[in-house]
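So the chains spell out like this:
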Amino acid sequence: RFSWYKKMRNESPVYYDEKAKIWDVFLYEDIVKILKNPKIFSSERKNKNIPTSNSIIAMDPPRHNKIRALVNKAFTPRTIQMWKPRIEWHIQKLLEKVQDENQFDIVKTIAYPLPLTIIATIIGVPNSDMDKFREWTMSIVSGPADNSKETIKENTKSVYKGFKNLNDYFAEIIEKKRNEPQDDIISVLINAEEDGFKLSNEEIIGFSILLLIAGHETTTNLITNSVYCFLENEPLLNQIKQDPDLLPKAIEEVLRYRSPVHAMPRIVKENTELRGQKLKAGDEIVLWIGSANRDENQFDCAEEFNLQRTSNSHLAFGTGIHFCLGAPLSRLETNLVLLELIKRFPNMKLSTKHTIEPLQSPLMYGLKKLEVTV
Ligand code: HEM
């Protein structure tokens, strides 16, 4: 896909896809311009039936500012640092399971289960409810196994059932936490207030479900892509082993070079022009951040992984008013996982018989499987 991005950046950076009836935008400069102008380029979703279409990620100002100010209180870098010991504890538990193995799959062992467990913990789901909670979440985040009508129908049914269960469950725990606040996000959100404005129960439930969806596969991909980038580049891996303080910088370069999310939608609100193309009110746009992060006009030697980059203003978490709320959390999780993997398995390598299976989605970028030997 990176060669397609490059071709489009050179030949047709603002392209109208007649078949899909969607504009595709590929250049860094254009994407930043769009993300910084929510008045003309709205985050509203055309399809109101998707679960997150009413949440902050699909909201415009002024409502977005109000809700974002409230939920920010639960996601400051300082608040997130408080979760560090619990994240470390879960990493230990998950990696202990493969302590005696010679070979294991990074995705299945840690990259997949960790983010979901952490979000659930942060939201305030007690350990005793974790299994049923995981089951309901899985039923809403996993897509149909194939494209047959039957399977899609079954999947839709199970998505609705998962939602219903999660809704009822959250309603119950919000009630409990109103009487007995705890050290978790739901308790912070119940009590958060800005100029007399508070979140309703429905808004807290909707937001919790958004967190499950937005923070799950994205962080899984960041962890997997980081392990992959480091293991395929031995000099880089050795450098990090010698100086683990390099990890945050290396993870930023993974975010640019193998961004977990490759595309984001916007809708044109007012007729406007972009690189001579006429965009009309109501038109849909896809912003290819996976392309922007490889744009040669913004990054020297953009197609190379380079730890020495002095400025790395990638768009992996977006920019502007919708900048990813979970960025500090996913950076912290990934950092802690990599630190522990390096410590616990100093001889970790890509398995020679390994199967590296890429995800099929055009919007997400990661691996289904990443086998390593230790
Ligand atoms: C927004 C990526 C992890 C919660 C975004 C956006 C991107 C993104 C690109 C901007 C969307 C837009 O402008 O339309 C990522 C990546 C992640 C990650 C690459 C992991 C590596 C997380 C986590 C959480 C989270 C862990 C929560 C626990 C959110 C929320 C928004 C958001 C709530 C919407 C913010 C708003 O609309 O104001 N994310 N995300 N994300 N992300 Fe993340």
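Here, residues in each chain are numbered from 1, in the same order as that chain's written sequence. Residue-level local features of this predicted model are given only where pLDDT is at least 70; pairs of side-chain atoms are given and counted only at 80 or more, and the full residue set underlies all totals for whole chains, interfaces and linings. Side-chain metrics rest on all non-hydrogen atoms present in the structure, leaving aside hydrogens and water.

Engineer: Mind showing me how you'd approach the packing of aromatic side chains here?
Structural biologist: Both the distance between ring centres and the angle between the ring planes are used here to describe each pair of aromatic rings. Two aromatic rings, drawn from Phe, Tyr or Trp (for Trp, its six-membered ring), form a pair once their centres lie within 6.5 Å of each other, and the interplanar angle then sorts them: stacked below 30 degrees, edge-to-face above 60, tilted otherwise. For the structure shown, the criterion picks out 17 aromatic pairs. Arranged with centres 5.8 Å apart and planes meeting at 85°, the rings of Phe-2 and Tyr-5 form a pair that is edge-to-face. Taken as a pair, Phe-2 and Tyr-5 lie in helix α1 (residues 2–11) at a separation of three residues, close to a single helical turn. Across the pair, exposure class does not vary: Phe-2 and Tyr-5 are buried alike. Helix and strand assignments come from DSSP, with helices taken as H or I runs of at least 4 residues and strands as E runs of at least 2, each series counted from the N terminus. To sort residues, take the accessible area from a 1.4 Å probe on protein chains only and compare it with the maximum for the residue type: under 20% means buried, over 50% means exposed, and anything in between is partly exposed.

Engineer: Where do I start with the site of the ligand in this structure?
Structural biologist: Lining the immediate environment of the ligand, one finds 26 residues, of which His-64, Arg-68, Arg-266, His-322 and Cys-324 sit closest. Residues adjacent in sequence count toward polar contacts only when both atoms are side-chain atoms; beyond that, a polar contact is any pair of N or O atoms within 3.5 Å, and within protein one must be able to donate a hydrogen and the other to accept it. Within the contact set of the ligand, an oxygen atom lies 2.7 Å away from a side-chain nitrogen or oxygen of His-64. Taking His-322, its side chain carries an N or O atom lying 2.6 Å from an oxygen atom of the ligand. Taken together, the elements giving at least two residues each to the shell around the ligand come down to α3 (63–72), α11 (201–214), α12 (217–231), β5 (263–268) and α16 (327–344). When grouped by side-chain class, the residues that make up the shell around the ligand number 16 nonpolar, eight polar and two charged. When at least one non-hydrogen atom of a residue lies within 4 Å of a molecule or strand, that residue is treated as near it. Think of it as three bins: nonpolar holds Ala, Val, Leu, Ile, Met, Phe, Trp, Tyr, Cys and Pro, charged holds Asp, Glu, Lys and Arg, and polar takes everything else, Gly as well.

Engineer: Would you mind going over the coordination of the iron atom of the ligand with me for this structure?
Structural biologist: Around a metal, the idealised angle for a tetrahedral arrangement of four donor atoms is 109.5 degrees; for an octahedral arrangement of six donor atoms it is 90 or 180 degrees. Coordinating N, O and S atoms are those within 2.8 Å of the metal (3.2 Å for Na, K and Ca), and as water is not part of the atoms, a site may appear to have fewer donors than expected. Its sole protein donor being Cys-324 (SG), the iron atom of the ligand sits 2.3 Å from that atom. Relative to the elements of secondary structure, Cys-324 occurs in the loop between α15 (289–292) and α16.

Engineer: How should the side chain of Asn-225 be read in this particular structure?
Structural biologist: If you trace the backbone, Asn-225 turns up in helix α12. Note on definitions: a residue-residue contact is assigned when non-hydrogen atoms from the two residues lie within 4.5 Å. For Asn-225, the residues in contact, after removing those within four places along its chain, are Val-254, Arg-258, Ser-259, Pro-260, Tyr-365, Gly-366 and Leu-367.

Engineer: Any chance you could explain the layout of surface pockets here in plain terms?
Structural biologist: To locate leftover empty space, one rolls a probe as large as a water molecule over the atoms. Buriedness of a pocket was judged along seven lines, with at least five required to meet protein on both sides within 12 Å; pockets are open sets of points on a 1 Å grid over the protein atoms alone, cavities are sets where a 1.4 Å probe fits but cannot get out, and lining residues have an atom within 4 Å of a point. Grid points are joined across faces, edges and corners, and a volume is the space filled by probe spheres set on the points. Computed from the structure, the second largest pocket encloses a volume of approximately 290 Å³. The wall of the second largest pocket is formed by 18 residues, among which Gly-124, Val-125, Pro-126, Lys-177 and Gln-182 lie closest to the centre. Going through the elements one at a time, α5 (84–96) and α9 (149–179) are the ones with two or more residues in the lining of the second largest pocket. Looking at the lining of the second largest pocket residue by residue, the classes come out as six nonpolar, five polar and seven charged.

Engineer: Looking at this structure, I do not really get α12. What am I missing?
Structural biologist: Multiply 1.5 Å by the residue count of a helix minus one, and that product is the helix's expected span. With 15 residues, α12 ought to run about 21 Å at 1.5 Å a step, and its terminal C-alpha atoms sit 21 Å apart, in line with that. Summarising burial for α12: 13 of the 15 residues are buried, a large majority.

Engineer: I'm lost on the packing of α12 against helix α13 (residues 234–242) in this one. Help?
Structural biologist: Between two packed helices, what matters for the description is the angle formed by their axes and the separation of those axes. Axis definition: a line fitted to C-alpha atoms, limited for helices to the stretch in contact. Angles are taken between N-to-C directions and run from 0 to 180 degrees. At their nearest, the axes of α12 and α13 sit 6 Å apart, and the two run at 105° to each other. Of the possible angle classes, the one that applies to α12 and α13 is roughly perpendicular. On α13, the residues that touch Cys-229, Phe-230 and Leu-231 of α12 are Glu-234, Leu-236, Leu-237 and Ile-240. Its residues assigned to classes, the contact of α12 with α13 shows six nonpolar, no polar and one charged. Angles are sorted into four bins: roughly parallel if under 35 degrees, roughly antiparallel if over 145, roughly perpendicular if 65 to 115, and oblique for all others.

Engineer: Honestly, the environment of Arg-275 in this entry has me stumped. Any pointers?
Structural biologist: The topology assignment puts Arg-275 in the loop between β6 (272–274) and β7 (277–279). Looking at Arg-275, the relative accessible area reads 45%, which means it is partly exposed. Note: C-alpha distance between Arg-275 and Val-14 (261 residues apart in sequence) is 7.0 Å. Residues contacting Arg-275, with those up to four places away along its chain left out, are Pro-13, Val-14, Leu-27, Glu-29 and Asp-30. Side-chain polar atoms of Arg-275 contact the side chain of Glu-29, separated by 3.5 Å.

Engineer: What should I look at first to understand α5 in this one?
Structural biologist: For the α-helix, the turn length of 3.6 residues means that residues three or four positions removed from each other point alike. End to end, α5 covers 18 Å across 13 residues, agreeing with the expected 18 Å (1.5 Å per residue, within 8%). All buried positions along α5 are accounted for by Ile-87, His-90, Ile-91, Leu-94 and Leu-95. Projection of α5 onto a plane perpendicular to its axis shows the buried side chains occupying an angular sector of 125°, all on one side. Looking at the packing, one finds that the buried side of α5 touches α6 (106–111), α7 (113–123) and α16. The directions considered for the arc run from the helix axis to the C-beta atoms.

Engineer: What exactly am I supposed to notice about the pattern of salt bridges here?
Structural biologist: For side chains bearing opposite charge, pairing can occur when the charged atoms are close. For salt bridges, the criterion is a side-chain nitrogen of Lys or Arg within 4 Å of an Asp or Glu carboxyl oxygen. All chains considered together, the criterion is met by 26 salt bridges. For the salt bridge of Lys-7 with Glu-11, the shortest nitrogen-to-oxygen distance reads 3.6 Å. Linking Lys-7 with Glu-11, this pair stays in helix α1, spanning four residues, or about one helical turn. Its salt-bridge partner being Lys-164, residue Asp-168 comes within 2.7 Å of it at the nearest N-O pair. Of this pair, Asp-168 and Lys-164 both sit in helix α9, four residues apart, which is roughly one turn of that helix. Each of Arg-9, Arg-294, Glu-296 and Glu-303 takes part in one network of salt bridges that share partners.

Engineer: Where do I start with the nonpolar core in this structure?
Structural biologist: Nonpolar side chains in soluble globular proteins tend to be buried together. For the purposes of this section, nonpolar cores are sets of buried Ala, Val, Leu, Ile, Met, Phe, Trp, Tyr and Cys residues that join through side-chain atoms within 4.5 Å. Membership of the largest hydrophobic core comes to 86 residues, with the highest contact counts inside it found for Ile-106, Phe-170, Phe-207 and Phe-230. Looking at which element gives the most residues to this core, the answer is α16, with eight residues. Ranked by size, the runner-up nonpolar core spans 23 residues in total, among them Val-14, Trp-23, Val-261 and Leu-274.

Engineer: Explain the side chain of His-90 here, please?
Structural biologist: Position of His-90 relative to the elements: it lies in helix α5. What makes His-90 buried here is its relative accessible area of 10%. If near-sequence neighbours (up to four positions away) are discounted, His-90 is found in contact with Leu-114, Thr-117, Ile-118, Thr-121 and Asn-127.

Engineer: Even after reading the chapter, I still don't get empty space enclosed by the protein, so can you show me in this structure?
Structural biologist: For the structure on display, the rule yields one cavity of 30 Å³ or more. The volume enclosed by the largest cavity comes to roughly 70 Å³. Of all elements in the fold, only α12, α13 and α16 reach the threshold of two or more residues within the lining of the largest cavity. Among the residues making up the lining of the largest cavity, the classes are represented as ten nonpolar, no polar and one charged.

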